[in-house]
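Residues per chain are reported as follows:
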Amino acid sequence: MDKTSELRKLYRTARKQFDEAGKLHMKAHPPGYEQFFYEALDMLYQFRGDADQYYAATAGEVISRLFSIDICTGYSFFHDDAVIKKVWAIYDAAAAIVVKKFDRPRELRRKPPYKIACISMVFGDAIAPVKALSSFAMALDRKLFEPLVLVTNQLDTMRRFSKGMRAYFDTETGRKLINCGIPVGGIPTQENMTDLAGQLIKNCYDLEIDIVVSNGSAFCFPEACLACSRGIGSFFNMHRGFPLYSSGVDAILHWVKATRQQQLGPWLEAGRKVIDYRDGISVPPLPEKMPQKDTSVVRLVTASNHLAKRLTPEFCAMINRIMKDFPQTRYSLIGGGEKEEILSRFAPGVRKRITCHGSVIGIENMMKIFLECDIYLNEFPVSGVRVCLEAMCSCLPVVTMKCGDMHVNATAAEHVGDFAILENDPEKYYQLTRDLITDMEKRRSVGMALRRRMEEHYDHNVSFGKLSMELLRAHEEKLNTMNA
């Protein structure tokens, strides 16, 4: 079998695996994923020295699918230096082919304000990476930067269908951006990933973009191609859980100390630039008058965009134990899913004390519920991050623990700080929750301390302002090097 035939077979298998994972709602690997993962990676790595257009197209389609399927494990297959190095080499070889077709040089601005494109592959109010990227755009100093948000709509191209361009202005996040004078645009569905990459490069040429900040990961082949093009000045990867490895990336922006070495090992080994920063959210003011609470009741709360998946048997068993031992507790759940199916995961004796609020959009609406509650209980072993920050803004003590070294297991504990449980120990989780339930003053003092932690360390208006100045310095240093 020749190279093209092998690549064609590889692509067909990747599409089948992706479709099967979709039928499983991305909650588990389809049969044969592990074997296919390594075979696909080895084949693409082996053929990289003889890369052509068909190779580039196959690489972009296959790796994106391998990565998306592995979401169910927190991308554990990609947390391996050997895998990362192969993906990096494959993307570089493929991007070089794509860029040849679409690339052309252009004159870059030599002084501010620089045009900066914040690029995401999806857009929506409930998507944490979109919220962070949008907050970054809104925090930029307009004397130095002229921001816009560009959405690749990559999933539509991968699925080969589209319902038309999304009305971004009909989303809360989109309206906030537009009210700040930041345009939001999207790329229509393309025939394939290389066409999408080419359209992204063309858009950035036409818009005369100087700086790109992307929340892309190994999933985002079009951004890897853009990073290698000559149509932009600097490319920064503000990843939200797993970085994009491409030699065109000027710096990876990293925000979780616990995962730095594991996610950036090959990048650091190669002497590439990393800019560390503190992530967070925009901290809303507290209401002038806090809600009055019935002191005879202790209200527990958990929220997640992935609620049904995050309510693991071990976490639900913990909730059952807590609510059985402390009959004064009530429990609120925020997130999508069928109410009866969610309640069925808990013991019959506690279900009548559980309230399912459904999906809630916007930090203001989340805080209305959080301010009525007393303790935030984070899921385990995989847990939320942004919701913990929203709970901290609401003066809630947050019970969370580090359950591993991957991003999805460690990030929330790092944000909560010394109050978090820094090991996978459910008994300590129970004991800490018990102490908070039985001690109202401890709940109040811990909650206020976490609110101060948000204001001092994790307010986007502060952290993103500092980050943007680092990006400005890095971009201007690169311009000076190019002029030398």
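Scroll up to find the structure.
1. Notes on the overall build of the protein chain
So, step 1. Along the protein chain, the regular secondary structure elements total 20 helices and 12 strands.
So, step 2. Against the compact-globule benchmark of 23 Å for 484 residues, the protein chain has a radius of gyration of 23 Å, which places it among compact chains.
So, step 3. With the C-alpha coordinates of the protein chain rotated into their principal frame, the extents come out at 70 × 55 × 45 Å.
So, step 4. Across the 484 residues of the protein chain, 55% fall into the buried class.
So, step 5. Summarising the internal contacts of the protein chain: among those between residues at least 6 apart in sequence, 72% fall at separations of at least 24.
So, step 6. Taken as a whole, the protein chain presents about 20300 Å² of accessible surface, with 51% of it coming from carbon and sulfur.

2. A short note on the pairing of strand S9 (residues 329-334)
So, step 1. For S9, the buried fraction is high: five of the six residues fall into the buried class.
So, step 2. In terms of strand pairing, strand S8 (residues 298-303) meets S9 through six bridges, oriented parallel. In the sheet register, Arg 299 faces S9, and the bridge partner there is Arg 330.
So, step 3. Relative to strand S10 (residues 354-358), S9 runs parallel, the two being bridged by four bridges. Bridging from a neighbouring strand, Ser 332 pairs with Thr 355 of S10.

3. Considerations on the environment of Arg 260
So, step 1. Inspection of the secondary structure assignment puts Arg 260 in helix H10 (residues 260-269).
So, step 2. Between the C-alpha atoms of Arg 260 and Lys 273, which are 13 residues apart in sequence, the distance is 13 Å.
So, step 3. In this structure Arg 260 touches His 254, Gly 265, Leu 268, Val 274 and Asp 276, once residues within four positions along its chain are discounted.

4. Structural notes on the sheet that holds strand S11 (residues 375-377)
So, step 1. Strand order in the open sheet formed by five strands is S10-S9-S8-S11-S12, and the pairing between neighbours is parallel. Of all strands in the sheet, those with a lone pairing partner are S10 and strand S12 (398-399), marking the two edges.
So, step 2. Along the sheet, helix H12 (residues 313-325) contacts S8, S9, S10 and S11; its crossing angle with S9, the most-contacted strand, is approximately 150°.

5. A short note on the state of the cysteines
So, step 1. In this structure the tally under the stated criterion is zero disulfides.
So, step 2. Between Cys 228, a free cysteine, and Cys 225, which holds the nearest cysteine sulfur, the sulfur-to-sulfur gap is 7.0 Å.
So, step 3. Looking at Cys 356, it has no disulfide partner, and the nearest cysteine sulfur is the one in Cys 316, 11 Å off.

6. Thoughts on the packing of aromatic side chains
So, step 1. According to the stated counting rule, one finds 22 aromatic pairs in the structure shown.
So, step 2. A ring pair is formed by Phe 67 and Phe 78, whose centres lie 4.9 Å apart and whose planes are at 75°; its orientation type is edge-to-face. Of this pair, Phe 67 sits in helix H3 (residues 53-69) while Phe 78 sits in the loop between H3 and helix H4 (81-102); the two residues are 11 residues apart in sequence, bridging distant segments of the chain.
So, step 3. Here Phe 67 falls in the buried class, since its relative accessible area comes to 3%.
So, step 4. The interplanar angle of 90° and the centroid separation of 5.4 Å between the aromatic rings of Phe 136 and Phe 464 together place this pair among those described as edge-to-face. Pair noted here: Phe 136 is in helix H5 (residues 128-139) and Phe 464 is in helix H20 (residues 460-483), with a separation of 328 residues, a long-range link. For the pair shown, Phe 136 and Phe 464 are each scored as buried.
So, step 5. In textbook terms, an aromatic cluster arises when at least three aromatic residues are bridged by ring pairs, as seen for Tyr 33, Phe 37, Tyr 38, Phe 67, Tyr 75, Phe 77, Phe 78 and Phe 242.
So, step 6. Geometry around Trp 255 places Arg 240 over its ring, the cationic atom sitting 4.4 Å from the centre.
So, step 7. A cation over an aromatic ring shows up here: Arg 278 above the ring of Tyr 458, its NZ or CZ 6.0 Å from the ring centre.

7. Some points on H10
So, step 1. All of the buried residues in H10 are Gln 263, Leu 264, Gly 265, Pro 266 and Trp 267.
So, step 2. Directly after H10, the chain includes Gly 271, whose backbone phi takes a positive value near 75°.

8. Some remarks on the pattern of salt bridges
Should their charged atoms come close, side chains of opposite charge can pair.
So, step 1. Across all of its chains, the model carries 25 salt bridges by this definition.
So, step 2. Glu 390 is the salt-bridge partner of Arg 386, the closest N and O atoms lying 3.1 Å from each other. With Arg 386 and Glu 390 both in helix H16 (residues 386-393), this residue pair falls four residues apart, about one helical turn.

9. Quick notes on unusual backbone geometry
So, step 1. Looking along the chain, the bond that leaves Pro 112 and enters Pro 113 is cis, with omega of 0°.
So, step 2. Among the structural elements, Pro 113 can be located in the loop between H4 and strand S1 (114-120).
So, step 3. Here the bond from Phe 380 into Pro 381 is cis, since omega is 5°, no more than 30 degrees from zero.
So, step 4. As for its placement among the helices and strands, Pro 381 is situated in the loop between S11 and H16.
So, step 5. The phi torsion at Asn 153 lies on the positive side, around 50°, for a residue other than glycine.

10. What to know about the sheet that holds strand S5 (residues 234-237)
So, step 1. Across the sheet, which stays open at both edges, the seven strands sit in the order S3-S2-S1-S4-S5-S6-S7 with parallel pairing between neighbours. The open sheet has two free edges, formed respectively by strand S3 (184-186) and strand S7 (274-276), since each of these has just one partner strand. With strand direction ignored, the average angle separating the axes of adjacent strands in the sheet is 25°.
So, step 2. Pairing analysis gives four bridges linking S1 to strand S4 (residues 211-214), with the strands arranged parallel. By the bridge assignment for S4, Ala 117 is matched with Val 212.
So, step 3. Against the sheet, H20 touches S1, strand S2 (145-151), S4, S5, strand S6 (251-254) and S7, its axis set at about 145° to S5.

Rules behind the numbers
- Residues numbered from 1 in each chain as written.
- Predicted model: local features only at pLDDT ≥ 70, side-chain atom pairs only at ≥ 80, totals over all residues.
- Heavy atoms only, no water.
- Helix = DSSP H or I, 4+ residues; strand = E, 2+ residues; numbered from the N terminus.
- Rg over C-alpha atoms; globule rule 2.2 N^0.38 Å.
- Buried < 20%, exposed > 50% of the residue type's maximum accessible area, 1.4 Å probe, protein only.
- Contact = heavy atoms within 4.5 Å.
- Areas by Shrake-Rupley, 256 points an atom, 1.4 Å probe, with all protein chains shown as cover.
- Pairing = 2+ DSSP bridges.
- Axes fitted to C-alpha atoms, helices over the stretch in contact; angles between N-to-C directions.
- Disulfide = S-S within 2.5 Å.
- Phe/Tyr/Trp six-rings, centres within 6.5 Å; stacked < 30°, edge-to-face > 60°.
- Lys NZ or Arg CZ within 6 Å of the ring centre and 35° of its normal.
- Salt bridge = Lys/Arg side-chain N within 4 Å of Asp/Glu carboxyl O.

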